[in-house]
Each structure stands twice: as structure tokens, then as C-alpha cells.
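Structure assessment
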Amino acid sequence: MAGEPSDSTPATATAVTAATAPTNFVATLFPGYFALVMATGIVATGLAQEGLRAVAESLYIAAAVGFVVLGVLLTIRIAIYPRLFAADVVSHSKGFAFLTIVAAINVMAAASIVIYSWWTLAWVLWFAGIVLWVPTAYATLFAVVLGRKPGLGPGINGTWFLLTVSIESIAVVGALQLAHDPRDMLAFACLALFVLGLVLYLIVMTMVFLRWTFEPLEPTEADPPAWIAAGAVAITVLAGSNLLLAKGGSPRIQRVAPFIEGMVVLAWATATFWFPLMVAIGVWRHLVRRVPLRYSPAYWAVVFPLGMYGVASYKMRLAIGLTSLGWLPKLTLGIAAAAWLATAVGLAGRLRVLRRRSDH
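Let me sum up the structure you'll find in this document. Numbering of residues starts from 1 in every chain and runs along the sequence as written. Per-residue local features of the predicted model are confined to residues with pLDDT of at least 70, and side-chain atom pairs are confined, for both listing and counting, to 80 or more; whole-chain, interface and lining totals are unaffected and use all residues. With hydrogens and water set aside, each side-chain value is computed from the structure's full complement of heavy atoms.

Turning our attention to the nonpolar core. Within the largest apolar cluster, 121 residues are counted, with the highest numbers of intra-cluster contacts made by Met38, Phe161, Val165, Trp300 and Phe304. Strands here mean DSSP runs of E at least two residues long; helices mean DSSP runs of H or I at least four residues long; both are numbered from the N terminus. With 13 residues, the single largest contributor to this core is helix α6 (residues 100–116). Every residue pair with non-hydrogen atoms within 4.5 Å of one another is taken to be in contact. Those residues in contact with Phe161 that lie beyond four places of it in its chain are Tyr201, Val204, Met205, Val208, Ile228, Ala229 and Ala232. The set of buried Ala, Val, Leu, Ile, Met, Phe, Trp, Tyr and Cys residues whose side-chain atoms join them within 4.5 Å is what this entry labels a nonpolar core. The buried label goes to any residue with under 20% of its type's maximum accessible area, the exposed label to any with over 50%, and the partly exposed label to all in between, with areas taken from a 1.4 Å probe on protein chains only.

Bringing the packing of helix α10 (residues 184–214) against helix α13 (residues 257–288) into the picture now. Think of two packed helices as two axes; the pair is described by the angle between the axes and how far apart they sit. Every angle, taken between N-to-C directions, lies between 0 and 180 degrees, and every axis is a line fitted to C-alpha atoms, over only the stretch in contact when it is a helix. Look at α10 against α13: their axes get within 12 Å of each other, and the N-to-C directions meet at 30°. Judged by the inter-axis angle, α10 sits roughly parallel to α13. Crossing of α10 over α13 shows left-handed handedness. On α13, the residues that touch Leu191, Phe194, Val195, Leu198, Tyr201, Met205, Phe209 and Trp212 of α10 are Phe259, Ile260, Met263, Thr270, Trp274, Leu277 and Met278. Polarity classes work like this: nonpolar for Ala, Val, Leu, Ile, Met, Phe, Trp, Tyr, Cys and Pro, charged for Asp, Glu, Lys and Arg, and polar for all others, with Gly in that last group. Of the residues assigned to the contact of α10 with α13, the class counts are 14 nonpolar, one polar and no charged. Between 65 and 115 degrees an angle is taken as roughly perpendicular, under 35 as roughly parallel, over 145 as roughly antiparallel, and anywhere else as oblique. It is the rotation of the near helix from the far one that decides the hand of a crossing: anticlockwise by less than a right angle makes it left-handed, clockwise makes it right-handed.

This next bit is on the packing of aromatic side chains. By convention here, two paired aromatic rings are described through the distance between centres and the angle between planes. Think of it this way: a Phe, Tyr or Trp ring, Trp meaning its six-membered ring, pairs with another when their centres are within 6.5 Å, and the plane angle makes it stacked under 30 degrees, edge-to-face over 60, tilted otherwise. Taken as a whole, this structure holds 20 aromatic pairs when the rule is applied. Centroid distance Phe34 to Phe67: 5.4 Å. Interplanar angle 70°. Geometry classified as edge-to-face. One end of the pair, Phe34, is in the loop between α2 (23–27) and α3 (35–49); the other, Phe67, is in helix α4 (residues 53–80), with 33 residues separating them in the sequence. By relative accessible area, Phe34 is classed as buried at 4%. The class of Phe67 is partly exposed, set by a relative accessible area of 24%. Of the aromatic side chains, those joined through ring pairs into one cluster are Phe209, Trp212, Phe273 and Trp274.

With that settled, the discussion passes to α3. One fewer than the residue count of a helix, multiplied by 1.5 Å, yields its expected span. The first and last C-alpha atoms of α3 sit 21 Å apart over 15 residues, in line with the 21 Å expected at 1.5 Å per residue. For α3, the buried fraction is high: 14 of the 15 residues fall into the buried class. Gly51 sits one or two positions beyond α3 and adopts a positive phi of about 85°.

Right, let's get into the pattern of salt bridges. Any two side chains of opposite charge can pair if their charged atoms end up close together. In what follows, salt bridge is the name for a side-chain nitrogen of Lys or Arg lying within 4 Å of a carboxyl oxygen of Asp or Glu. What the rule picks out here adds up to six salt bridges. Lys94 is paired through a salt bridge with Asp88; the nearest N and O atoms lie 3.7 Å apart. Each member of the salt-bridge network shares a partner with another, and the members are Arg77, Asp88 and Lys94.

Looking now at the side chain of Thr236. Among the structural elements, Thr236 can be located in helix α11 (residues 228–245). Of the residues examined, Thr236 reaches a relative accessible area of 0% and is grouped as buried. Counted as a polar contact is a pair of N or O atoms within 3.5 Å, where, for protein atoms, one must be capable of donating a hydrogen and the other of accepting one, and residues adjacent in sequence contribute only when both atoms are in side chains. A distance of 2.8 Å separates a polar side-chain atom of Thr236 from the backbone oxygen of Ala232. The residues touching Thr236, leaving out its near neighbours within four places in the chain, are Thr164, Glu168, Phe194, Leu198 and Ala267.

A few words now on the packing of α13 against helix α14 (residues 300–320). Where α13 meets α14, the closest approach of the two axes is 11 Å, and the angle between their N-to-C directions is 150°. At the point where α13 passes α14, the crossing takes the left-handed sense. Judged by residue contacts, Glu261, Val264, Val265, Trp268, Ala271, Thr272 and Phe275 of α13 engage Pro305, Leu306, Tyr309, Ser313, Met316 and Ile320 from α14. Class assignment for the residues of the contact of α13 with α14 results in 10 nonpolar, two polar and one charged.

Relative to the 46 Å expected for 32 residues at 1.5 Å per residue, α13 spans 46 Å between its end C-alpha atoms, a close match to the ideal helical length. Following α13 by one or two positions, Arg290 has its phi on the positive side, about 55°.

Encoded structure:
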């Protein structure tokens, strides 16, 4: 992820460069680029939880600018290149990556609450995420179920875990709102989303694990979205922890609190279990098989699980009264912040290349 530091944040640099970027960049815009917003927003949330408010606010602004810029670029792509966009939506390997948009909206909603206590904005973003999830998820789901099948190897990858991530992101924000506005229907909806996300994770993880263990794995296939396997259960931990923290005002959540705690511990243990494998895949890919370590927007999918694991561990400690793991969120946040910085430097370098090309 080579590149030199920029004078502005990566998201701001994106805004400056968007107008001069070549049209083929827009035409082939990575469907999962909103993972940049997810990663930046969750690191900002973690920093705020640790009391580093000034840095958290700066990253929140960067995430917001990045979201707007990417939203504009995606809108242009839909308008000018509708066939390329539609081809990505119905693709087994790319379609579910668009769910990063939903997750990014909800990460920003949660950050708005944690950092600024902007409850009204969080409600607006939350509703927008719900409305957007339906066509985004089902368009791809209908296509992969009813359309032509490429086979398990080329068809499935880590982006399928975004089914869980997007659903649990809605539950995360809803549970935060539940603590502020304890309505029974909201409690039921959040609980339903929490368990649905778990079920979808089990389905997808089974398919992905079969792919990893019973078919040849090429280094070009073992890309960073595989890390979402850990991120999907990490955000499940956060959703369940937020529900437990809201149980005081919700009889419905109180009745099932032991079940939720069990699922939270299960999800946390699963996320912890996957990280060594993710690291091993990266070592095998870049050191053993010598795939060059260059910037790709997919690397934001590495930053997000790290940041989410730290934020989720912090909330889990509060929810279940586990004081002995106080060191873990701080350590994970430090690793996530370093990964964010390295990826941001790579993005700045890529933007410089795009700018030079557009000048010529």
C-alpha cells in the first residue's frame, strides 16, 4: 500500500480528485468502496469510546465527506453506465458488495450518536438504511438464486458476509435508539434482525468454509474481503451488546437477555477464532505466493473488522460486566488505527496517480 502522505484526509482528497478522475474509474467503481466509510466511521467510534474525541471528530468528518463523494460517483455511474452497474448488481462475486452502502449509512448513524449525540440524524440515517437494504439485498439475492450459476469457486467470496453485516448494522443503530426510546415494536424488530443476521452468517460461513477447505485456493482469490468473516460476527457482538445495554427499559429484551448474552459470547469467540486464519491467509498470499502488496479499495475490508472487533469488545465488556478484558479494545483499536493509516496512505498515492493521468 505504497504512497506518500497527503495534506488532507483521504476522503477530502477523494472529493478534490473526483472531478478530474478519468471516466473509466467511475465506470469500474469498486462496488464495495463504501467500506472506506465503514472503516473510517468505526475507527472514529472506537476513538470516541476511548476518550480521543478530537481525532474521532476528524475521522467522522472524513467519513462523511467520503460518503458524499462516493455517493456522487455511484450516482454518476448509474446514470452514465447503467449496464455495467446492473451487471455488478446481478453478479455472484460482486453484487453483495453494494451492501457496504447500507452498512456505511448505519455506521455513520451509530457514530453520530456516540460522538455527537445527534439522535435525529441517526433516526434519518437508520430509516434510509432500512429502505435501501430491501432493493440492494434482494436484487442480488433474486439474481443469484434465479439466474445462471458460476459454481461455488468463482461465485462466492467474503462479500457475501455483508448480508449479515448490513442486517446487524441496522440492529446496532436500532438498539442504540432503543436505549433512548424504549418502544416494544422497536425492541422486537432489533431482536429479529439480530437473530436473522446470525442465521445468515451460519449459512454463508458454511459455504465459504467448504470453498476454502475442499477446493483449490489461488492467492488472487484470497483477497481482503475474506476478513469480513470476522467482521460479520464482530458486528453481531456489537448488536447483541447494545440490546443487552437497553434491556432496562424493555421487558421483551429482559426476557431473552440470557439467550442474547450467550449469542454475544458465541459471536465474540467466533470472531476471535477467525483472526489468526485471516492473518495466515495474508502471509501466505503476500509472502509465500508473492502477490504484491499494493493499494486496493478492498483493503478497507481489513480495517473495518479490526475496528469493529475493538468497538464490539468494548461494548461487550459493559454489557456482561467483564472487566478483565479492558486491555483488548485499546490494543485492537491501536492495530485498527495503524491499518487505517496505512490504507489511507495507499489511497492518497492512488489519487495522485489518477490525477497525473487525468492531467495528461
